[in-house]
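Survey of secondary and tertiary structure
The lines below spell out each chain.
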Amino acid sequence: MDHAAEAQRTDLMTITRHALNEQGRHPESRGDFTILLSHTVLGCKFVASAVNKAGLAKLIGLAGETNIQASKQLSTGHPYLCVLVSEENEEAIFVDAPLRGKYCVCFDPLDGSSNIDCGVSIGTIFGIYMIKHKDNATLEDVLQPGTDMIAAGYCMYGSSCTLVLSTGNGVNGFTLDPSLGEFILTHPNIKIPNKGKIYSVNEGNARNWDVPTAKFVEKCKFPQDGSSPKSLRYIGSMVADVHRTLLYGGIFLYPADKKSPNGKLRVLYEVFPMSFLMEQAGGQSFTGKQRALDLVPAEVHQRSPIFLGSYDDVEEIKSLYASESSNA
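The shown structure was predicted, so the numbers you read here are calculated from the model rather than taken from an experiment. Each chain carries its own residue numbering, running from 1 in the direction its sequence is written. Given that the model is predicted, a residue must reach a pLDDT of at least 70 before its local features are reported, and side-chain atom pairs must reach 80 or more before they are shown or counted; all residues, however, enter totals for whole chains, interfaces and linings. Each side-chain value is derived from all of the structure's non-hydrogen atoms; neither hydrogens nor water enter the calculation.

Any residue under 20% of the maximum accessible area for its type is buried, any over 50% is exposed, and the rest in between are partly exposed; the area is computed with a 1.4 Å probe on protein chains only. Only runs of H or I of at least four residues qualify as helices and only runs of E of at least two qualify as strands under DSSP, and these elements are numbered from the N terminus. Listed in full, the buried residues belonging to helix α7 (residues 211-221) are Pro212, Thr213, Phe216, Val217 and Cys220. Seen end-on, α7 carries its buried residues on one side only, within an arc spanning 130°. Elements that come into contact with the buried residues of α7 comprise β9 (198-200), β11 (251-254), β15 (306-309) and α10 (311-327). This arc describes the spread of directions from the helix axis toward the C-beta atoms. We call two residues in contact whenever any of their non-hydrogen atoms come within 4.5 Å of each other.

Right under this line is the structure:
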């Protein structure tokens, strides 16, 4: 590769250019969504900058402070926002009526923030909905099923800063070029393999699992069909675990158990965005009872079990749950 020539390239596909291309596919579009997406990307750059300084500055409590600052940064897109749902706020935040846009953004500003001191990859997760009646918006407008989501993504802060995005037309990955301050398309049209060799779960909770989950993990470790066992990879940061699953295939599990009968991950800003991305990439997402995106949340911070990843791997856990319910 001619690195000198590469460095001078000006035809790079930036995330802004990509968003404008997508906008061009919708002649009726006024550009509001593209501008909102730009605000979201700016918020991710802000968090990336703060996270990179964490170890150097030895900032005490940086995770909590960064969460709050990221929330503020994203909410600066208020001309296009109607409602903001953040992991940091107990209630949904409704923009004042005269300033309201037509979008609802749900996000976790810094997922996995407890890992910030040990250098593990962490990230921001977001999902975007259209609000049907912005002038009379209520909580009901926020509590939509995942199938109504119009865009979702995450930004992972690790060895590089990677933003993975879907606007309902496939999944694309962008990497932040620090010298340009721009996200450049590096993973176009991501497709998850139909079957993977990795499973990702916190086995420390094994004694509290239900029967289908326990059976599935047992089959991963001790397959009866003569195939090789799957490898266990669990980082404990959802963004990092899902990112690896998306690229390499396999399955990510955070099941319900005796300690957390409703699961641990939040529906609006963890389960839905990751499920949206996984389905757009050709995978599946399942709660143990139904397709994850078909859930209709009853409250802003509702939790759910989740199994997501390669199509065939999720199909296997679905069949185990189906067998369990038929035997009940």
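Turning our eyes to something else, we now look at the side chain of Ser275. Mapped onto the elements, Ser275 comes out in helix α9 (residues 267-280). Polar contacts involving the side chain of Ser275 include one to the side chain of Ser285, which spans 2.6 Å. Apart from the residues lying within four places of it in its own chain, the contact partners of Ser275 are Ser285, Ala292, Leu293, Ile306 and Leu308. Here a polar contact is taken to be a pair of N or O atoms separated by no more than 3.5 Å, where protein atoms must pair a possible hydrogen donor with a possible acceptor and residues adjacent in sequence count only if both atoms sit in side chains.

It is the contact of α7 with α10, at a shortest axis distance of 9 Å, that shows an interaxial angle of 140°. For the element pair α7 / α10, the angle class is oblique. Taken as a pair, α7 and α10 cross one another with a handedness that is right-handed. For the pair α7 and α10, the contacting residues are Val211, Pro212, Thr213, Lys215, Phe216 and Lys219 in the first and Asp313, Glu316, Ile317, Leu320, Tyr321 and Glu324 in the second. When residues are grouped by polarity, Ala, Val, Leu, Ile, Met, Phe, Trp, Tyr, Cys and Pro land in nonpolar, Asp, Glu, Lys and Arg in charged, and all others, Gly among them, in polar. Broken down by class, the residue content of the contact of α7 with α10 amounts to six nonpolar, one polar and five charged. Fitting a line to C-alpha atoms yields each axis, with helices limited to the stretch in contact; the angle taken between N-to-C directions then spans 0 to 180 degrees. These descriptions rest on fixed angle ranges, namely under 35 degrees for roughly parallel, over 145 for roughly antiparallel, 65 to 115 for roughly perpendicular, and the rest for oblique. Take the far helix as the reference: if the near one is turned anticlockwise from it by less than a right angle, the crossing is left-handed, and if turned clockwise, right-handed.

Looking now at the sheet that holds strand β7 (residues 172-177). Backbone-to-backbone hydrogen bonds pair the strands of a sheet. The strands run either parallel or antiparallel. Strand pairing is defined by DSSP finding a minimum of two bridges between the two strands. Spatial strand order, β2-β1-β3-β4-β5-β6-β7-β8: eight strands in an open sheet with mixed pairing. Of all strands in the sheet, those with a lone pairing partner are β2 (93-94) and β8 (182-187), marking the two edges. Both strand β3 (residues 103-111) and strand β4 (residues 122-130) contribute to a ladder of seven bridges, which runs antiparallel. Bridge pairing in β4 places Tyr103 opposite Met130. Sitting on the sheet, helix α2 (residues 15-24) touches β6 (161-166), β7 and β8, and the angle it makes with β7 is about 150°.

What follows concerns the nonpolar core. What makes a nonpolar core is a set of buried Ala, Val, Leu, Ile, Met, Phe, Trp, Tyr and Cys residues whose side-chain atoms join them at distances within 4.5 Å. In this structure, Val85, Leu268, Phe272 and Met274 are the most contacted members of the largest nonpolar core, which totals 44 residues. Every element with two or more residues in this core is listed here: β1 (81-86), β3, β4, β5 (151-157), α8 (238-248), β11, α9 and β15. Here the element with the most residues in this core is α9; it accounts for nine residues. Setting aside its immediate chain neighbours within four residues, Leu268 contacts Val85, Cys106, Tyr129, Val142, Leu143, Met149, Pro273, Pro297 and Val300. In terms of nonpolar packing, the next biggest core, distinct from the first, is built from 31 residues, Val105, Ile122, Cys155 and Tyr157 among them.

On to empty space enclosed by the protein, then. With a 1 Å grid laid over protein atoms only, a set of points is called a cavity when a 1.4 Å probe fits there but cannot get out and a pocket when it is open yet has protein on both sides within 12 Å along at least five of seven lines; lining residues have an atom within 4 Å of a point. Grid points are joined across faces, edges and corners, and a volume is the space filled by probe spheres set on the points. Going through the model one piece at a time under the given rule, you end up with two cavities of 30 Å³ or more. Taken as a whole, the largest cavity encloses approximately 40 Å³ of empty space. Considering the residues around the largest cavity, the lining is formed by Val201, Asn202, Asn205, Trp209, Tyr234, Leu253, Tyr254, Pro255 and Asp257. Taken together, the residues that form the lining of the largest cavity break down as six nonpolar, two polar and one charged. Counted as a void, the second largest cavity has a volume near 30 Å³. Forming the walls of the second largest cavity are His18, Glu22, Leu165, Ser166, Thr167, Asn169, Gly170 and Asn172. Elements with a minimum of two residues in the lining of the second largest cavity: α2 and β6. For the lining of the second largest cavity, a count of residues per class yields one nonpolar, six polar and one charged.

On to the sheet that holds β9. Reading across the sheet, the five strands line up as β10-β9-β11-β15-β13 and stay open at both edges, with mixed pairing between neighbours. Single-partner strands in this sheet number two, and they are β10 (231-232) and β13 (284-286). Here two bridges tie β9 to β10, and the two strands are oriented parallel to one another. Residue pairing in the sheet places Ile198 in a bridge with Ser231 of β10. Across the sheet, α10 is in contact with β11, β13 and β15; its angle to β13 comes to roughly 25°.

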